[in-house]
Each structure stands twice: as structure tokens, then as C-alpha cells.
Amino acid sequence: MAEETTTGNEETSEESQEDENQDIWEQQQMRKAVKIIKGRNIDLSHSSEFQTVKKFDTSISFPPVNLEIIKKQLNSRLTLLQDTHRSHQREYEKYVEDVKSSKNTIQNLENSSNQALNFKFYKSMKIYVDNLIDCLNEKIINIQEIESSMHALLLKQAMTFMKRRQDELKHESTYLQQLSRKAETSTNGSLAIDEKTQWILEEIESRRAQRRQARALSGNCDHQEGTSSDDELSSADMADFQKSQGDILQDHKKIFEDVHDDFCNIQNILLKFQQWREKFPDSYYEAFIGLCIPKLLNPLIRVQLIDWNPLKFDSIGLKQMPWFTSIEKFIDNSMEDSKKEDSSDKKILSAVINKTIIPRLTDFVEFIWDPLSTSQTTSLIAHCRMILEEHSTCENEVSKGKQDLLKSIVSRMKKAIEDDVYIPLYPKSAVENKTSPHSKFQERQFWSALKIAAYLPEKWFENSAMRTSISQLENFIQFLLQSAHKLSRSEFRDEVKEIILILVKIRALNQAESFIEEYHLDHLKPVINQV
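No experiment lies behind these values; they were computed from the predicted model shown.

1. What to know about the overall build of the chain
Looking only at helices and strands, one finds 17 helices and 0 strands in the chain. For the chain, with 531 residues in total, the buried portion stands at 35%. Taking the intrachain contacts of the chain between residues at least 6 apart in sequence as the baseline, contacts between residues at least 24 apart amount to 72%. Accessible area for the chain stands at about 34,800 Å²; split by element, carbon and sulfur atoms hold 53% of it.

This is the structure:
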């Protein structure tokens, strides 16, 4: 019983202990809740009091102000802001660099496609130039052959004219000499001449009559016998010449008949280079294309010149030729500074004239030109003046081609004076009658020589100590003096001064002085003294 009682008491004691612990825990939780509520009330009351004081209580005192502390705080704040600004600035610069890098990347990507196009253009241009050069190299042989054929034809015609003139001059002079001597006469008292001489004299007079008729129809009354060209061909000779010329021109048309216009048309070729100049001017000028174009166009220009005869009175001017206008247009469209003296494009036309036109003109002067032909000389002067005066890249430029041309002109004139100038001297009785054949022949030969004298090179007479003219002009001078004597004894004394001027020009000063003293023409002495 004691054990059971003890066990029962223990169980009761445990239960009471648990109840007590439960009560303690509940009391603790209640105290915590009370503390939380009180704390909240205190915070609310404090906050309300703080706000009230902040807004309305002006009696509260503040601690004293220390400027050093404020300055230090402001400096600290400024340093912080500066550091922040620098950080932002570095970040901004980074963003700018990123944008720039992105743009460069975009540009490079875009240029990568343009470079492909540029490469394609340069490649196509190289192929085009190679094909053009191959084409011209292949055709240059045909061009040279046709040039030679045309040159031979014109040379043959020129030699025909020269031989005919010399033969006619020989026969007419011989006939007049025989007539003056009257060595051989027929039964009726006339001079007996052979059939060939008779036929030649009739041919001479027939051509003169035709020229007189043509001048009368044109209204040209101011004409002196001997100044005409005398370059008419007979109908048979003209037909042969035209046939030969036509055959050559037919071959001329066939030169580029199998070639596309891009490789034989000068305008199309220049258009290709103009596209290069407009798209890539730097590479165009760095390659000195302006210096290459004249050489490239040389064969094509020569083709256009095959039918060009600068000695024909109706020959086309260079400025009217297609190649000339095409080059002028190409130069006008140039983007290069026109004020630059070394502008390669601006010199293209002058280079073409110096390298292509002048050599061809020189060939005409040396082998085909007849200085005694008025029509040929007039046409030649017009072309030479345009080339030598109007188309020179600079005022003091005298190219080798131009020097050769001038030397050829002087040489050909000198040869004409030596071979063709002939002024016969007849007795006074034979030339007093102006209608006599002697007087007419002498008059024609005088005017024929005079139209050479008007263009004699001054270089022949530059020697200041020279008082007598060159020996080749001796007969010409004697005829001038003979004419001056006649005029001095007639009513045409004023024309004597013109003859004196001609004597002075050709440096026949001794003869001119003697004549002036003989006829007491003191008013003409200043003409000589000015030399």
C-alpha cells in the first residue's frame, strides 16, 4: 500500500508540475504582448512629439556651427561627386568608342562589297585595254599599207604635174628662142616646129583659156598671168586617178568592218576612259592616262586622215574632223584643275597634233607640195597657221615636229627656186610689144617667181653684211631691175617703190642703191637705210 501510495503521489506531483509550467509560459507570453503594445505607444507618442517640435517648437537650441567641419564635409562631398563624374565620363567615352567602332565595322562591311565592285571594274578595264591594244596592233599593218598606197598615188600625181610643167617650160622657152633668132623658117616665113612642140603649146594655151573662162565666170578680174596653179588633169588622167583613189578608199572602209565600235570608234574609247576618270580619279591621274591616250588613238586618227589632203583647196579642216571634236569634248569634261600647267588631259590635243598630224603634214610638204601652185600653197598655209599658232600648249613651245615641218617648208621652197624659177631675158625689141609671145612668157615667169618671193624665209637674208642676194635669184633680180627701168620712163613711176621693196627684202641692196642713184630717187633712200 505504501508503494502504491508513493507511486500515486509521484504521478500527482508530476501532473501538478506540468500545470505550473503551463501557467508560467502563458504568463511570459502575456508580459511580452504587454511590452510590445507599450513600445508601440511610446514610439507613436515620441514621433508625434518630434514632429510637433520640428514644426512648431522654435525654442530648441542647436549646437554651434564649425566652418572647418562644413568645409571638410563639402570637400568630401565634392570629391565623391568628382569621382562619380569621372567614372561616368570614362563610361561615356567607352560608349563613344564603341559607337565609332561599330560605325567603322559597318563601313568596312559596306566597303567590302564596294571593293568587289571596284575590283570588277578594274578587271574589266584591264581586259578592255588589252583587247584594244591587240586589235590596234593587228590592224596597224593594214593602216600602213593603205597609207602607203594613198601616198604613192598622190606622189605620182605630183610628179606628173611637175614633169609636165618642166617639159612645157622647156619646150615653150626653146620655141621662143628659136622664134627670136628666126633660125629656121618655113616657106611662108613662119617658124617650123615639130609636132610634139606644137601639141604641147596647144595644150598649154587650152588650159590657160579654161582658167581665164573660169576666172571670168567667178568675177576674178584682178589676176596676173603666171600666178595660177596650172594643176588641171586631162579627163583620162582624172578618171584613172579617181579609180585608183576609189579602190584605196574601199580598202580603207574594210579596215575595221569586223571590229566592234568600242574598239574602233574614238568617241566610244574616250567614253571608257572618262568613266574611269569620273569613278576613280585618283588612280586615273596616278596612272598618267592623259599621256597614254595620244599613243592609243594614233592608229585610229591616221585612218581618218587617209583621205585628208591638206593641199586641196576644199580639204576639210582639222577642227571639223570627228576625232578632233571627240578629244575636245573629252578635255572639256575633265575634272582636273585647268589652271595647272602640267595638266595631262589638257595636253592630249597638242600631243596628238605633234605626234600624228605634223608628221603627216611634213610628208606632204617634202614629197607632194608644189610651191608654184597657188591653190596648194593657200590651203597649206591655212592648215599650218592653225597648227603652229592656235594649238600650242605654251607660248615658247617649239616641238621637234614643228621644227621639222618648218625646215621641210624652207627646203622645199629652196628646191623650187633652184629647179622651177626661170625668168628669161630677151632683147628689148622682143619685149617692147606687150602682145608678143616673148613679152607674155616673160611676164608669166616673173609673176610665177614673185609669188615665191613673197614667202621667202627671212633666215636666208639675216646676214647684216649681205649686200647682194643669193645666186639662185640673179635672173629674178635682173628682171626686177628691167621692169623698174621701164616703169621709171612711163606714167607708172609710183610702182617703182614696190620693186625696190622686193629688192630690199631679198637683200639685193647694191642693185637697189645703184638704181636709186641713177634715177635720183632720193625719197626712196630711207627704205634701204632702215635695213
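Now, onward.
2. Here we look at the packing of aromatic side chains
Scanning all chains against the criterion turns up 9 aromatic pairs. Look at Trp323 and Phe324: their rings are 5.5 Å apart centre to centre, the planes differ by 65 degrees, and that puts the pair in the edge-to-face class. An identical accessibility class is assigned to Trp323 and Phe324; each is buried. Between Phe515 and Tyr519, the aromatic rings sit 4.7 Å apart at their centres with planes inclined by 35 degrees, giving tilted as the arrangement. Summarising the burial analysis for this pair, Phe515 and Tyr519 share the class buried. Feature note: the residues Phe121, Tyr122, Trp276, Phe280, Tyr284 and Tyr285 constitute an aromatic cluster, connected by ring pairs. Here Arg277 stacks its cationic end above the ring of Phe330, 4.1 Å away from the centre of that ring.

3. Quick word on the packing of helix α8 (residues 322–332) against helix α9 (residues 348–367)
Direction vectors running N to C along α8 and α9 enclose 150 degrees, while the axes themselves pass 10 Å from each other. Between α8 and α9, the angle falls in the class roughly antiparallel. Contact residues: α8 offers Trp323, Phe324, Ile327, Glu328, Phe330 and Ile331, while α9 offers Ile348, Leu349, Val352 and Ile357.

4. Remarks on the pattern of salt bridges
Applying the stated criterion to the full structure yields 12 salt bridges. The salt bridge involving Asp370 is made with Arg165; its shortest N-O contact spans 2.5 Å. Taken together, the positions of Asp370 in the loop between α9 and α10 (374–390) and Arg165 in helix α2 (residues 67–181) put the pair 205 residues apart, joining distant regions of the chain. For Arg165, a relative accessible area of 18% gives the class buried. Taking the shortest distance from any N to any O, the salt bridge between Asp522 and Lys525 comes out at 3.6 Å.

5. What to know about unusual backbone geometry
With a phi close to 55 degrees, Phe288 is a non-glycine residue in the positive phi region. For Phe288, the location among the structural elements is in the loop between α6 (281–286) and α7 (289–304). With a phi angle near 55 degrees, His520 is a residue other than glycine that sits in the positive phi range. Assignment of secondary structure puts His520 in the loop between α16 (509–518) and α17 (525–529). Its relative accessible area of 64% is what places His520 among the exposed residues.

6. Side note on the environment of Ile316
Among the structural elements, Ile316 can be located in the loop between α7 and α8. Sequence-wise, Ile316 and His383 are 67 residues apart; in three dimensions their C-alpha atoms are separated by 9.8 Å. Those residues in contact with Ile316 that lie beyond four places of it in its chain are Trp308, Met321 and His383.

7. Observations concerning α16
Those residues of α16 that fall on the buried side of the exposure criterion are Leu509, Gln511, Ala512, Phe515 and Ile516. Down the axis of α16, the buried side of the element spans an arc of 160 degrees, and every buried residue falls inside it. Packing partners of the buried residues in α16 comprise α14 (474–488), α15 (496–505) and α17. Of the residues trailing α16, His520 is marked for its positive phi of about 55 degrees.

8. Focus on the packing of helix α5 (residues 266–279) against α8
It is the contact of α5 with α8, at a shortest axis distance of 10 Å, that shows an interaxial angle of 10 degrees. In this view, α5 runs roughly parallel relative to α8, as classed from their interaxial angle. Residue-level inspection shows Ile266, Gln267, Leu270, Phe273, Gln274 and Arg277 of α5 in contact with α8, the latter providing Trp323, Ser326, Ile327, Lys329 and Phe330. Residue composition of the contact of α5 with α8, by class: 6 nonpolar, 3 polar and 2 charged.

9. Here's the deal with a nonpolar patch on the surface
A contiguous nonpolar patch, built from Val65, Leu67, Ile70 and Leu74 and spanning about 430 Å² of accessible area, is present on the exposed surface. Mapped onto the elements of the fold, Val65 is located in the loop between α1 (2–56) and α2.

10. Let's talk about the confidence of the model for the chain
Of all residues in the chain, 75% attain a pLDDT of 70 or more, and the chain-wide mean is 79. Every residue in residues 48–54 scores below 50 in pLDDT, and together they form 2 contacts with partners more than four places removed in sequence or on other chains. Note on residues 393–397: pLDDT is under 50 here. Beyond four places in sequence and across chains, it has 4 contacts.

11. What about the nonpolar core?
With 64 residues, the main nonpolar core has Phe256, Phe273, Leu318, Trp323 and Ile327 as its most contacted residues. Mapped onto this core, the elements with two or more residues apiece are α2, α4 (235–253), α5, α7, α8, α9, α10 and α11 (400–419). Of all the elements, α2 adds the most residues to this core, at 13 residues. Excluding anything up to four places from it in sequence, Trp323 contacts Ile266, Ile301, Gln304, Leu305, Leu318, Leu349, Val352 and Ile357.

12. Topic: α9
In this model, α9 (20 residues) spans 28 Å end to end at C-alpha, consistent with the 28 Å of a helix rising 1.5 Å per residue. Where α9 bends most, the angle comes to about 35 degrees, and this point is Ile357, followed within four residues by the proline Pro359. Among the 20 residues that make up α9, 14 are buried, leaving the element largely enclosed by the rest of the structure.

Definitions and cut-offs
Residues numbered from 1 in each chain as written. Predicted model: local features only at pLDDT ≥ 70, side-chain atom pairs only at ≥ 80, totals over all residues. Heavy atoms only, no water. Helix = DSSP H or I, 4+ residues; strand = E, 2+ residues; numbered from the N terminus. Buried < 20%, exposed > 50% of the residue type's maximum accessible area, 1.4 Å probe, protein only. Contact = heavy atoms within 4.5 Å. Areas by Shrake-Rupley, 256 points an atom, 1.4 Å probe, with all protein chains shown as cover. Phe/Tyr/Trp six-rings, centres within 6.5 Å; stacked < 30°, edge-to-face > 60°. Lys NZ or Arg CZ within 6 Å of the ring centre and 35° of its normal. Axes fitted to C-alpha atoms, helices over the stretch in contact; angles between N-to-C directions. Parallel < 35°, antiparallel > 145°, perpendicular 65-115°, else oblique. Salt bridge = Lys/Arg side-chain N within 4 Å of Asp/Glu carboxyl O. Arc of directions from axis to C-beta. Nonpolar A, V, L, I, M, F, W, Y, C, P; charged D, E, K, R; others polar. Patch = residues over 30% accessible without salt bridge, like charges linked within 9 Å, V, L, I, M, F, W, Y side chains within 5 Å. pLDDT = per-residue confidence, 0-100. Core = buried A, V, L, I, M, F, W, Y, C linked by side-chain atoms within 4.5 Å. Expected span 1.5 Å × (residues − 1). Bend = angle between axes of the 7 residues up to and from the residue.

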